[in-house]
Structure formats: C-alpha cells, structure tokens
Amino acid sequence: MQTAYKFRLYPTKEQEQKLLWTLNKCRYVYNFLLDELNNQRVIDKAQLQEMITDLKRIEPDLKNVHSKVLQYENYRLFSNLRGLAQTKKKGRKVGSLRFKGKNWFKTFTYNQSGFAIMQNQTRYDKLWLSKIAEIPFIMHRDIEGKIKQIMIKHYPSGKWYASILAETKEEIKPTQNTNKVGIDLGTMNYAYDSDGHHFDNPKHLDKSLKKLRKEQQKLSKKKKGSQNRAKQRIQVARIHEKIANQRDDFLHKLSRYYINNYGYIAVEDLQVSNMVRHPYLAKSISDASWSRFIQMLCFKAERAGCTVVKVEPRGTTQKCSNCGSEEVHKELWNRLHKCECGLELDRDYNSAMNILKRALGQELSESTPVEIVPLLSNEQARSEKQEAPCDSWE
Ligand SMILES: [Zn+2]
C-alpha cells in the first residue's frame, strides 16, 4: 500500500537558490529530450536515457544535479506522452507536447535514492537532498514504510513543499462495520446523507472566497508589467493556496467522518458532462470539490476496508424514496420533496435515500464489483495526508 505525505520546506536563501537552479537544469534536460524526440533523432526511451549521459559530458554543470533526478525527466517525458496518447484514444483533439517555460516547470523528483530524513530533537527536522542541501522542515507526522519517491515542488506563492511517497506491505481486511449510507452532494448543503445528517461548507472558506474576489479585482486594476502587479499576483496565489488548503481540510474531515462511521457508502457517479449540462451549477466552486471529495472517500475506503459504490445520478432528485414514484417534480430552488404518498422532507435527504437504494439494488442485479480507482494510481501525490491537506491547485 502506498501513502503520500506532504511537508512544507523552509530552505535558507542560499538553499533556495540551489533549489531554483536545480529546477532550471531539470527543465533544460526535459526540453532537450523533447527536442530530440520531436526531431525524431532518438525515439527510444533507453536511448534517450543515454543522451543524458552524453549531455553531461558537454555540460559538466549537470553533474551538480543528482543523476536519478535527471533520469526522472526522461520518465516524465514518456509518461506525458502516454497521457497524450490516451486522450487521443478517447477521441479528443490533442496537440503535441510543448517545451516547458519557466512558469510551467515547478517540480523535480528524487526516485529511489538521493535523499534521507534526519530527525532532530530541535524544532526543525532535516531533509537531505543529494547535491542540494539539508533543508529544514517540520515532520509533523511519522512516515510509515519505505520511502520510494520525493517530489519537490515550488508553488506560485513562493513556498516549497516535499511530497513523499512511502510504501508498506500491510494487507487490508474488510471492515466489520455494517452501517450503510447514501450521500447526496449539493450546493445548498454540501452533503446530505440518508441518515439525515447534513454538512455545509465551512464559513471560513466562504470568507476566503470573498477575499479572493476582492484581491483579483485589485489585480486587474494594476498596470501590466508593473512591480505592483507582480506583487499582487503573489497575493492572489497565496489566497488560492489557502482556499485549497481550507477546502481540502474540510473534505478530509468529512470523508474521514463517513469512513469511521460506515462500512458501505453510496455516492453519485459524477461526470463532468453532467455539470456542463447544468451551467448554473457549474458556476459554483463545488463542482471540482465534489469529485475531489469522492476521490478522498475512495482513497480512505480502500485503506479502511470500506466499500464505496457509485451510482448513476439521473432521476435521484425527482424520484420518491418512499413510494418509488418517478416524477415528483421540483425546480432547483424548491428545497422540499412533497409526495402524494405523504412523504415530506428535504429534497437532498430524499436524494440521499434514493442513492443508497439504487446502490443496493444495483448490487443485487450486477455481480461485477464497482471499480474503485485508488487516488495514487494516476499521478503520485495528487492527494496527501497531512496537517493542511492540499494539492489541487496544479
Ligand atoms: Zn411518494
């Protein structure tokens, strides 16, 4: 089982220069390899790998970057190519890979070697990165298992983070918890479940969103290319990061709540296409966070031995969860479900019960289990367990 951790780094001025320098060298190597590939000079992964060795002879500077870190750029290039091919297969129009400019290259990665963690008794622990430095950080959480990979990331606000991927061998037994729940995700209540509990977006998140709007307006008024504009841009980036942190914190707590209390959880199978069909809802920031919530839920469920079932959401709002009548019509602003059978309750509560019923019915009619995609499979460290969980502002 793989777990991702995320820690803020506190490099000194001098260390930061080294980090930036390394970032730039990695970008250079990535672009160089891409160029080789584009010109069809070399198209084989192993051959490209060798090119890095040749390149080091011409540019001895590169020897000041840990060799595995440079090799990773080759891996990254090919994984980007694979991603592109998959998108193409789905019938979407795609271009080709582009050279990465300074602002589009934010990470470099140590794979398997070149790093160590030194825990101190003082305030700061240290992360040793080969050819860079021992960088202070606070290890607020113990890392379980063997560290496989460390990704160093530079955020637009100027902060540095390390995403650490570790692997343990433990096997997971299914949970003994037999409680079942359906969850409806909405805009009025963030989540409403089939046991009647509901949760709203936290107030401080709303406050930050208001602040973001204000700071963005300020940004638009600053003169292009001016120093003040650059400063304001950092200010906006900081708030973006703060919002992502606050939102993720809320979603982590919410998903944790469901995993701790239920062994079986039914949710809607949200697809982007649904949201496009409802432009009114798409306005809300909830959209992205709903799928993120489900991601977190699946991720935690896998570790806890819980089951998450996704159901087709169509009709769960209009249907009566008591008598099964398919068309108890209500408009978007109509908060009440009121059926001829006598059932009268919050519309989201009704939806949540429909979602649970649909999941259970689906289980009876299908023998194939619903696929649960682990969060770490597509890109390492997309989500992190950490003090202020985040990582969605890529
Ligand atoms: Zn009814």
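Residues numbered from 1 in each chain as written. Predicted model: local features only at pLDDT ≥ 70, side-chain atom pairs only at ≥ 80, totals over all residues. Heavy atoms only, no water.

## Remarks on a positive patch on the surface
Piece 1. A cluster of basic residues, Lys207, Lys211, Lys214 and Lys242, forms a positive patch at the surface.
Piece 2. Considering every element that reaches the positive patch, the biggest residue donor is helix α4 (residues 203–221), with 3 residues.
Piece 3. Structurally, Lys207 can be placed in helix α4.
Piece 4. Residue Lys207 is classed as exposed on the basis of its relative accessible area of 65%. (Patch = residues over 30% accessible without salt bridge, like charges linked within 9 Å, V, L, I, M, F, W, Y side chains within 5 Å. Areas by Shrake-Rupley, 256 points an atom, 1.4 Å probe, with all protein chains shown as cover. Salt bridge = Lys/Arg side-chain N within 4 Å of Asp/Glu carboxyl O. Lys, Arg positive; Asp, Glu negative; His and termini not counted. Charge placed at Lys NZ, Arg CZ, Asp CG, Glu CD. Helix = DSSP H or I, 4+ residues; strand = E, 2+ residues; numbered from the N terminus. Buried < 20%, exposed > 50% of the residue type's maximum accessible area, 1.4 Å probe, protein only.)

## Digging into the nonpolar core
Piece 1. Phe108, Leu129, Ile150 and Ile152 are the most contacted members of the largest nonpolar core, which has 41 residues in total.
Piece 2. A total of 8 residues in this core trace back to one element, the largest contributor, which is helix α1 (residues 13–38).
Piece 3. Sequence-distant contacts of Ile150, defined by excluding residues within four places in its chain, comprise Phe108, Thr109, Tyr110, Phe115, Leu127, Ala162, Ser163 and Ile164.
Piece 4. By size, the runner-up hydrophobic cluster in this structure holds 22 residues, among which are Val181, Tyr190, Phe250 and Ala301. (Core = buried A, V, L, I, M, F, W, Y, C linked by side-chain atoms within 4.5 Å. Contact = heavy atoms within 4.5 Å.)

## Re the pattern of salt bridges
Piece 1. The full count for this structure, using the stated rule, is 11 salt bridges.
Piece 2. Two residues, Lys25 and Asp61, come together in a salt bridge whose shortest N-O distance is 3.6 Å. You can see Lys25 sitting in helix α1 and its partner Asp61 sitting in the loop between α2 (45–58) and α3 (67–89), a full 36 residues away along the chain.
Piece 3. By relative accessible area, which is 37% here, Asp61 ends up partly exposed.
Piece 4. In this structure, the salt-bridge partner of Arg247 is Asp248, at a minimum N-O distance of 3.3 Å.
Piece 5. Owing to a relative accessible area of 11%, Arg247 belongs among the buried residues under this scheme.
Piece 6. Relative accessible area serves as the criterion here: at 0%, Asp248 is assigned to the buried category.
Piece 7. Residues joined by salt bridges that share partners form a network here, namely Arg247, Asp248 and Arg292.

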